[in-house]
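Chain residues, written in single-letter form:
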Amino acid sequence: MSGGSGDGAGKPLMLGVNNPFAENPSMMTLAQYQDTCIPVSMEFAKSKMHWIIAAIFLVADMVGGGVVVMPVAFKQSGMMMGCLFMVVICVIFEYTGWELGQVWVIMQERWPLYKQHCRKPFPEMAKKSMGTMAQRLTSAAILITLFGISVVYLLLSANIIHYFLYDYLYIPISLCGTIVVLALLISPFTLLKSPGDFWIVVVFAMVTTVLSVAMIIYGIFLDHGACAPQAKYSGGDSGGVLFAMGTFLFAFSGHYVFPTIVNDMRHPKKFSYSIAWGFLVVLLLYMPLSVYAYFVYGDSMEKSVIYSVQTRELQFGANLMIAAHCILTLVIVINPVNQEVEEYFNIPHKFGIGRVLVRMTILLFVLFTGLTMPDFGPVMNLVGSSTIPLGCVVMPALFYLWINAATEEQWGKGVIPSIKQVYQRTPKIVFWLNIFVMGVALVGGAVGSYKAVIAMIETEFSAPCYFRGSELLISKGNTTIIHMVQTCCGWAKNISSKGTPDLCGEIPL
């Protein structure tokens, strides 16, 4: 196939097995055929990722807030059930991640056009496996989920950095001003085309995560002598286990970005290596930290294990690393949204004014949402409770079952298999395994939705930034929403490894 320009640009393209628009019973030009996925240039071929870099992308995409909340999930589930849940959920999400990779490989074999750069690989998976309606649903889920996560990452990192600027450097900038400055600082990185172009950002994100985990573990080690003998363990009841399952599900989520990563790989068939090693690294980051934290602190942990660490420098250093991770990961999660919108407006793939306008507009919407709802977290928890199980488990499983069930005649003509045909043509162990993993995800999503509704009811939402007058950029006091807290250990939460239990609670400025 020739490029998008040249003699073949106006020639009609006949329908056939290599046509990704086979559902459309009409003729189309070669230029239209190349609309979604463009021919591989030498530049793009060179920028494609090795499977090891792809694995680092997966780790950076998944690990973040899960590092600090996973030990708290052990408080709800108990040690044995916590370990079991973590391994089982990890394997389930690894399996559905592998399924996404297999769907993309099958698409490249059936429709060679998908070997080119594709702006919206996840919706294309939906389209080729289950049809146009599935494609629209997938696009909507991507836009809602990743846009929301981008807002949450911006707000979380801004809160932590604002506390640092106000408490340590005595810079009287407001939280709203910090949000604006952060958005400006990350804006150039959001202009990078696709994951293959900003892999160095992901490496730094991985480094910040490892440093954060190391600081937390060292802090736990320093508290071990005073806290472990007084720890109380009461987790493991059925209610606590159900609530913990929602946390475990969200800690391994990230599949909305996976198709963008596999699309940028040099050898997509090796995505299975990336998935295996990526999830193994995530498990090795989560498991030792969670087990050790629960053993030392027990039930005294609150919403974040960081605040149980009683060495303030380590506590704050870990928070700063989490903030850095969120800033860097925002560049990853907003990229599929950028490419989806660029495709909708038919923006050229090469860097130009079109890309700048679209991506800066999207970032402005993220910024506006953050400034409008500085307490956006509870809202996103409610939305994510439905969209994350859908995108991380249900969609990958359905796409895998349907695309494998299609016969050569069906996929050649763009015909979608019926449910009966999928059941008849799928090995029963594979079919029921996918039904099981979808059931687990839906239960976890329901539990997460319940928790999110409760959190929203209990949240006192603050006024939008642009209604704060003179405090929009300059602060007359600490306006940080999340404050540094010292949670002491022991059954009564009154034991300090530093011998100063009077400091238990919120750390004063």
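- Looking at an unreviewed UniProt entry, one finds the protein named Amino acid transporter transmembrane domain-containing protein, with Mesorhabditis belari as its source organism.
- Regarding the protein, the relevant UniProt record gives this comment under Subcellular location (unreviewed entry): "Membrane".

Comments concerning the overall build of the protein
- Helices and strands together make up the secondary structure of the protein, namely 18 helices and six strands.
- Out of the 509 residues belonging to the protein, those deemed buried represent 55%.
- Pairs at least 24 residues apart make up 81% of the contacts formed inside the protein by residues separated by at least 6 positions.
- About 21,300 Å² of surface is accessible on the protein, with carbon and sulfur atoms providing 70% of the total.

Here we look at the side chain of Gln108
- Mapped onto the secondary structure, Gln108 falls in helix H5 (residues 79-110).
- Not counting residues within four places of it along the chain, the set of residues in contact with Gln108 comprises Tyr114, Lys115 and Pro268.

Details of the confidence of the model for the protein
- In this model, the protein carries a mean pLDDT of 82, and residues with pLDDT of at least 70 account for 84%.
- Predicted confidence in the protein is weakest over strand E1 (residues 12-13), with a mean pLDDT of 36, and strongest over helix H17 (residues 419-425), with 96.
- Contacts from residues 1-35, a stretch scored under 50 in pLDDT, to residues over four places away or in other chains number 72 contacts.
- This stretch, residues 40-45, has a pLDDT under 50; its non-local contacts, to residues over four places away or in other chains, come to seven contacts.

Observations regarding the state of the cysteines
- Taken as a whole and assessed by the stated rule, the structure comprises two disulfides.
- Across the disulfide, Cys176 is cross-linked to Cys465 (sulfur-sulfur distance 2.0 Å). When the S-S torsion is -80°, as for the bridge of Cys176 with Cys465, the disulfide is left-handed. You can see Cys176 sitting in helix H8 (residues 175-186) and its partner Cys465 sitting in the loop between helix H18 (428-458) and strand E5 (485-486), a full 289 residues away along the chain.
- We classify Cys176 as buried; its relative accessible area is 1%.
- In this model, Cys227 is linked to Cys489 through a disulfide, with the two sulfur atoms separated by 2.1 Å. Negative torsions about the S-S bond denote left-handed disulfides, and the value of about -70° found for Cys227 with Cys489 makes this one left-handed. Of this pair, Cys227 sits in helix H9 (residues 199-227) while Cys489 sits in the loop between E5 and strand E6 (505-506); the two residues are 262 residues apart in sequence, bridging distant segments of the chain.

Considerations on H8
- Counted at 1.5 Å a residue, the expected span for H8 with its twelve residues is 16 Å, and the 17 Å between its end C-alpha atoms agrees.
- The set of residues buried in H8 consists of Leu175, Cys176, Gly177, Thr178, Ile179, Leu182, Ala183 and Ile186.

Some details on H18
- With 31 residues, H18 extends 45 Å between its outermost C-alpha atoms, agreeing within 8% with the 45 Å of an ideal straight helix rising 1.5 Å per residue.
- Within H18, the full set of buried residues consists of Phe431, Asn434, Val437, Met438, Val440, Ala441, Gly444, Gly445, Val447, Gly448 and Ala452.

Quick notes on the packing of helix H3 (residues 51-62) against helix H13 (residues 312-344)
- Two elements in contact, H3 and H13, have axes whose closest approach is 9 Å; the angle formed by their N-to-C orientations is 115°. For the crossing formed where H3 meets H13, the hand is left-handed. Every residue of H13 that contacts H3 at Phe57, Ala60 and Asp61 is listed here: His325, Thr329, Ile332 and Val333.
- Across the contact of H3 with H13, the residue classes tally to four nonpolar, two polar and one charged.

A few points about the packing of aromatic side chains
- Enumeration according to the criterion identifies 22 aromatic pairs in this entry.
- Here the aromatic rings of Trp98 and Tyr400 are separated by 5.6 Å at their centres, their planes lie at 50°, and the arrangement is tilted. Taken together, the positions of Trp98 in helix H5 and Tyr400 in helix H15 (residues 377-405) put the pair 302 residues apart, joining distant regions of the chain.
- A ring pair is formed by Tyr423 and Phe431, whose centres lie 5.0 Å apart and whose planes are at 85°; its orientation type is edge-to-face.

Procedures and definitions
- Residues numbered from 1 in each chain as written.
- Predicted model: local features only at pLDDT ≥ 70, side-chain atom pairs only at ≥ 80, totals over all residues.
- Heavy atoms only, no water.
- UniProt positions renumbered as here; feature names shortened; annotations may be inferred.
- Helix = DSSP H or I, 4+ residues; strand = E, 2+ residues; numbered from the N terminus.
- Buried < 20%, exposed > 50% of the residue type's maximum accessible area, 1.4 Å probe, protein only.
- Contact = heavy atoms within 4.5 Å.
- Areas by Shrake-Rupley, 256 points an atom, 1.4 Å probe, with all protein chains shown as cover.
- pLDDT = per-residue confidence, 0-100.
- Disulfide = S-S within 2.5 Å.
- Expected span 1.5 Å × (residues − 1).
- Axes fitted to C-alpha atoms, helices over the stretch in contact; angles between N-to-C directions.
- Left-handed = near helix turned anticlockwise from the far one by under 90°.
- Nonpolar A, V, L, I, M, F, W, Y, C, P; charged D, E, K, R; others polar.
- Phe/Tyr/Trp six-rings, centres within 6.5 Å; stacked < 30°, edge-to-face > 60°.

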